[in-house]
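Structure assessment
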Amino acid sequence: MKRQIRRRDPVDASVLGDALHPVLASAYASRGLADPQQLSLQLDQLLPPSQLLGVDAAAELLADALQASERIMVVGDFDADGATSSALAVSVLRSFGHAEIDFLVPNRFEYGYGLTPEIVNLAAATTPDLIITVDNGISSIDGVARAAELGIRTLVTDHHLPGSSLPAADVIVNPNQAECAFASKSLAGVGVIFYVMLALRAQLRRRDWFEQQGIEEPNLAEALDLVALGTVADVVPLDFNNRILVQQGLARIRAGRARPGIQAILDVAGRDVTRLVAADLGFAAGPRLNAAGRLDDMSVGINCLLADEPQQALELARELDHLNRDRQQIERGMQEEAVALLQAVESKAAEDRPAAVCLYDPGWHQGVVGILASRIKERLHRPTIAFADGDGEEIKGSARSIPGLHIRDVLDAVATRHPGLISKFGGHAMAAGLSLARDRLPEFEAALLEEVNRQLDPATLEACLESDGELSSQDLDLELARALRYAGPWGQHFPEPMFDGEFQVVHQRIVGEKHLKLVLAHPLQPGKLLDAIAFNVDLQQWPAPDVQSVQLVYRLDVNAYRGRESLQLMVEYLESR
């Protein structure tokens, strides 16, 4: 798909000082950094837990439960954020000396999302006194009510956007609930429960709990590897507070202080932890955890994260890797089917294509439609919802959006304008889930298109890549590549710098079935050869022996091979000249 290249507007970076490479300083400034203090990303700069509405009440509720040796059940979501949130809650409470703690993750195919009444009934078999939801619960009105009927107290910790009504939980902690003054609304679910544990530790300290139990007060920085993984995998915006959490977690992992489960997942994925960056968590560790929830049972992932012994962690990590390979195979088949369904859409000029896409196939796997929606969204640059069969006559959809369209708000508007059309929905700006009756899909698709056209600026439907500008031939070097690689963490709303430029093609070949390996030369310095790689190219277009020059959008990266490092251009987009 042809894309427009838009260069970022120049920004004065002088306020950041002159110690940084000018290219890096400019990239930071264009992403909103205006204070040198924001470069350090130290833990003492984190927002205080006291700003979170309900966090003090949550700490008191949990401290009372610990002192009374009550049974606590953690109920998580079935994705990487939910897995890391569950593992953090369980491991930290155990480190606080509490033994009566366990977790339960709903099987998405049997129970659906969140704290449903059915999940509460399942949890009740172990007679918990308190249920803690992590990365879910803000929309679980019926589930919380069922827990109350059974005499089970509930603490809801979540980060998803609340609906018009809140569950009647004993305590709710969610930075996105009304009147919460917490400045970082982008905390992932794992970030929320981390803050709750910080507040609980302070409460227990005031009660002399650790001294009474004869245990050393735990260092909660040891949980930051989980926080970093869950935050990156959930693709939440990396605002300043989240960047601190991720950077500190990455630093622990690089220093060899990751928990055995995370170390094992990265080892199986072939990642060198000493060179780890946020993208490795997002593209290597996160998908392997998510595969468990998509295809099987997320308890495999949580048990891996909770494993104390490296060998046990490695065995579970290998199981996750196997599930991820199965997921990839299923996804490939679904993509081929989706592309066939899209032929009529792709045959139209971009301006004539619908503003949103709905896809459904009765043979699609319910756990993989989210990835499929993401792939199609990238292919068409349109908000996309992919549906698979649910229970009975119901279908379940996973939505992915593009910048400029808040997909949960769109679903909320559709539900308001068409009461009863959507059975249930939830999510946030870029991703959401929903359920509806199968025979009402055409009606929903029409309502969705109407609402997207109402809310979306047509200009945002034009695929555009933002570039940090053109690099001089002198800046195309290993030193700058190293500086950019470790200057992150880069991620959602704080993207890794990309550059554009025209290069001469010296050599080109396909590697790994469909990746284009290039040797390039800068027009102003043709004797300086540059390695580049473009992943998943169209084999009908590339390699192209007649093409002598290309226009690229690329990132600078460091290629490490047999102990040697070299500069490599990671091509995000290319077109022949």
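Please refer to the structure higher up on the page.
So, here is what we can say about the structure in this document. Quantities reported herein were computed from a predicted structural model and do not represent experimental measurements. (Residues numbered from 1 in each chain as written. Predicted model: local features only at pLDDT ≥ 70, side-chain atom pairs only at ≥ 80, totals over all residues. Heavy atoms only, no water.)

Some points on the side chain of Ser 140
Positionally, Ser 140 belongs in the loop between strand 4 (130-134) and helix 5 (141-149). Taking the relative accessible area as the measure of exposure, Ser 140 reaches 7% and is therefore buried. A polar atom in the side chain of Ser 140 sits 3.1 Å from the backbone nitrogen of Leu 115. When near neighbours in sequence (up to four residues on either side) are disregarded, Ser 140 contacts Gly 114, Leu 115 and Pro 167. (Helix = DSSP H or I, 4+ residues; strand = E, 2+ residues; numbered from the N terminus. Buried < 20%, exposed > 50% of the residue type's maximum accessible area, 1.4 Å probe, protein only. Polar contact = N/O pair within 3.5 Å; in protein donor to acceptor, adjacent residues only side chain to side chain. Contact = heavy atoms within 4.5 Å.)

Brief notes about the pattern of salt bridges
Tallied over the entire structure, the rule returns 35 salt bridges. Here Arg 8 and Asp 468 are joined by a salt bridge, their closest N and O atoms 3.5 Å apart. Within this pair, whereas Arg 8 is found in the loop between strand 1 (4-7) and helix 1 (22-30), its partner Asp 468 is found in the loop between strand 12 (464-467) and helix 18 (478-485), the two being separated by 460 residues in sequence. Look at Asp 468 and you get partly exposed, because its relative accessible area is 22%. Of the charged contacts in the structure, one is a salt bridge between Glu 496 and Arg 555, with a shortest N-O distance of 3.4 Å. Of this pair, Glu 496 sits in the loop between helix 18 and strand 13 (499-511) while Arg 555 is found in strand 16 (residues 549-561), placing the two residues 59 residues apart along the sequence. For Glu 496, a relative accessible area of 22% gives the class partly exposed. Several salt bridges share partner residues, and in doing so they unite Arg 6, Arg 8, Arg 31, Glu 466 and Asp 468 into one network. (Salt bridge = Lys/Arg side-chain N within 4 Å of Asp/Glu carboxyl O.)

Considerations on the sheet that holds strand 15 (residues 525-534)
Strand order in the closed barrel made by the five strands is 13-14-15-17-16, with mixed pairing throughout. Neighbouring strand axes in the sheet, compared pairwise and without regard to direction, differ in orientation by 50° on average. Where strand 14 (residues 515-522) and strand 15 come together, seven bridges link them in antiparallel fashion. Bridge pairing links Val 519 to Asp 531 in strand 15. Along the sheet, helix 18 makes contact with strand 13, strand 16 and strand 17 (564-576), crossing strand 16 at roughly 80°. (Pairing = 2+ DSSP bridges. Axes fitted to C-alpha atoms, helices over the stretch in contact; angles between N-to-C directions.)

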